Amino acid sequence: MNKSLEIAVIGGGAAGYFAAIHASSKAHSVTIFEKSPKLLSKVKVSGGGRCNVTHQPLEISKLVKNYPRGEKFLKRVFRHFKSEDTMQWFESRSVPLKIESDGRVFPVSDDSQSIIDALQIEARKLGIKVLTSTGIKSIQPKENAFVLKSEKGEFIVDKVIVAGGGHPKLDGYAFLSQLKHQIDQPIPSLFTFNTPQEPIRKLMGLAVPDAHVKIEGTKLNYQGSLLITHWGISGPAVLKLSAFGAEWMHEHAYEARAIINWNSDFNEPKYLEHLQTYAKSHPHRKVVNYPLFDIPSRLWEHFCEKSEIDSTQIFNTLSKKQFNKMVQNLFCYILTVKGKTTFKEEFVTAGGISLKEVNPETMESIYHPNLYFAGEVLNLDGITGGFNFQAAWSTGYLAGISSVNNSI
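Residues numbered from 1 in each chain as written. Predicted model: local features only at pLDDT ≥ 70, side-chain atom pairs only at ≥ 80, totals over all residues. Heavy atoms only, no water.

### Description of the overall build of the protein chain
At step 1: The secondary structure content of the protein chain amounts to 12 helices and 19 strands.
At step 2: Projected onto the principal axes, the alpha-carbon positions of the protein chain cover approximately 85 × 40 × 35 Å.
At step 3: Taken over 408 residues, the protein chain has a buried fraction of 53%.
At step 4: Taking as baseline every contact in the protein chain between residues at least 6 positions apart, the subset at least 24 positions apart corresponds to 71%.
At step 5: Split by element, the accessible area of the protein chain, about 18100 Å² in all, is 50% carbon and sulfur.
At step 6: The averaged location of the 40 negative side-chain charges in the protein chain is 2 Å from the averaged location of its 47 positive side-chain charges. (Helix = DSSP H or I, 4+ residues; strand = E, 2+ residues; numbered from the N terminus. Buried < 20%, exposed > 50% of the residue type's maximum accessible area, 1.4 Å probe, protein only. Contact = heavy atoms within 4.5 Å. Areas by Shrake-Rupley, 256 points an atom, 1.4 Å probe, with all protein chains shown as cover. Lys, Arg positive; Asp, Glu negative; His and termini not counted. Charge placed at Lys NZ, Arg CZ, Asp CG, Glu CD.)

Listed below in structure tokens is the structure:
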């Protein structure tokens, strides 16, 4: 049976809900179609269940630098809705927010449910219909309308906002095939580096606060906290590097050499000078027992072993070769990367609808009037820190208001 709706929003995630809410502020016949039985599932798990809702307000020129794909496009989008607007929107709906020292913004409750509740309460207040377990199999433009085909029948609507999220494979975009839009190859972004043959994996759980990681033979590098895991290395420095290096890593089958400086405050000469000064000041201390440079003790022991420093050796017995080896391990530690690990619940993809085919002032398709896109279905993605959610809120807002401002 055909149902006549005004605006259909495909996807019950962050961008979909925000688009539906802003489409409903003037037009009250809005339906969200969600293929799974769950709504806002990525919001639920993000930030370890706390929901990193956005990043502290930045000038737009600085904000867009956190998007490996979509920088120029988002520069125009953010003029309409940016981090300050996101914070004001949630706080005005009884969700107090806090900015942490690294710029990430979370609800004061430290509970993603606060964000989910705000969105769902607003949607209910506006009379938005929500159909779960209703996947859209195709979108067919027809005169001044669209026919949506699903396993629950056909729906004829005036306007469509596609906010179905990113997909790791091209066939995830098959429902868009009749729209003639170019789909840029989906590839993973935000992943950890697997180092299956490296002994450092035995130190899983150790972290350093400010490492610098670069990919050998490229200009790709990033700085931040680094975590050793049972499969390799992770943490913000690695995840952010993976986002900017997503295409390069994909082309190289996720095989590379990562070069790590374990403390970004030190360069090669500074490490050597500090070590030599410490050795003169504390000549009789056992090297292995006195980790320097904010290096965790077990990691320091590992460096001593790799530098051929005996567990009983004291500082004033270190040879020039041992000093140099220790500096090499601190400043230029090389790991062989083979493979990646992505976060299934929080996966981010590079790829999707080509940005060349969407108007950044309205989120409208350049081919089909009254068809809009929002969120990760587009070929844009941000690094960790709330940037992907900010893109979802901004594109969702713009698609929503455009769909009601551009009357048929």
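Once the structure has been displayed, the description carries forward.
### Focus on the pattern of salt bridges
At step 1: In total, this model carries 17 salt bridges according to the counting rule given.
At step 2: Here Glu59 ties to Lys62 by a salt bridge, and the two come within 3.8 Å at their closest N and O atoms.
At step 3: Between Arg69 and Asp381 there is a salt bridge, and its shortest N-O distance comes to 2.6 Å. On the criterion of sequence distance, the pair formed by Arg69 in the loop between helix H3 (60-63) and helix H4 (71-77) and Asp381 in the loop between strand E19 (371-373) and helix H12 (387-405) is long-range, its members being 312 residues apart. In this pair, the class of Arg69 matches that of Asp381, namely buried.
At step 4: Here the salt bridges share partners, and the residues they tie into one network are Arg50, Lys98, Glu100, Asp102, Arg104 and Asp110. (Salt bridge = Lys/Arg side-chain N within 4 Å of Asp/Glu carboxyl O.)

### A word on the sheet that holds strand E3 (residues 54-55)
At step 1: If you walk across this open sheet you meet the 3 strands as E3-E5-E4, and the pairing is antiparallel. Each edge of the open sheet is held by one strand with a lone partner, namely E3 and strand E4 (97-99). (Pairing = 2+ DSSP bridges.)

### Overview of the packing of helix H1 (residues 14-24) against helix H6 (residues 113-125)
At step 1: Between H1 and H6, the least distance of the axes is 10 Å, while the angle of their chain directions is 35°. Crossing geometry of H1 relative to H6 is assigned as left-handed. Contacts from Tyr17, Phe18 and Ile21 of H1 reach H6 at Leu119, Gln120, Glu122 and Ala123.
At step 2: Residue composition of the contact of H1 with H6, by class: 5 nonpolar, 1 polar and 1 charged. (Axes fitted to C-alpha atoms, helices over the stretch in contact; angles between N-to-C directions. Left-handed = near helix turned anticlockwise from the far one by under 90°. Nonpolar A, V, L, I, M, F, W, Y, C, P; charged D, E, K, R; others polar.)

### Some remarks on the environment of Thr395
At step 1: Examined against the element boundaries, Thr395 turns out to sit in helix H12.
At step 2: Look past the residues within four positions of Thr395 in its chain and what remains in contact with it is Leu74, Val77, Met363, Phe373, Ala374, Gly375 and Leu378.
At step 3: A polar contact of 2.7 Å, which involves the side chain of Thr395, links it to the backbone oxygen of Ala391. (Polar contact = N/O pair within 3.5 Å; in protein donor to acceptor, adjacent residues only side chain to side chain.)

### Some points on the packing of aromatic side chains
At step 1: Summed over the entire model, instances satisfying the criterion amount to 23 aromatic pairs.
At step 2: Between Tyr67 and Phe387 the ring centres are 6.0 Å apart and the planes differ by 80°, which places this aromatic pair in the edge-to-face class. In this pair, Tyr67 sits in the loop between H3 and H4 while Phe387 sits in helix H12, placing the two residues 320 residues apart along the sequence. Summarising the burial analysis for this pair, Tyr67 and Phe387 share the class buried.
At step 3: Here Phe191 and Phe193 contribute two aromatic rings whose centre-to-centre distance is 6.2 Å and whose plane-to-plane angle is 45°, an arrangement assigned as tilted. An identical accessibility class is assigned to Phe191 and Phe193; each is buried.
At step 4: Three or more aromatic residues link up through ring pairs in this structure, and these residues are Phe18, Phe81, Trp89, Phe90, Phe389, Trp393 and Tyr397.
At step 5: Positioned above the aromatic ring of Phe106, the side-chain terminus of Arg50 is 3.7 Å from the ring centre.
At step 6: In this arrangement the basic side chain of Lys340 is found over the ring face of Tyr254, its NZ or CZ atom lying 4.4 Å from the centre. (Phe/Tyr/Trp six-rings, centres within 6.5 Å; stacked < 30°, edge-to-face > 60°. Lys NZ or Arg CZ within 6 Å of the ring centre and 35° of its normal.)

### Side note on the side chain of Glu357
At step 1: Inspection of the secondary structure puts Glu357 in the loop between strand E18 (348-353) and E19.
At step 2: The charged side chain of Glu357 is buried without a salt bridge, its nearest counter-charge being Lys356 at 6.6 Å.
At step 3: A polar atom in the side chain of Glu357 sits 2.7 Å from the backbone nitrogen of Gln182.

On their own, these measurements won't tell you what the molecule is for.
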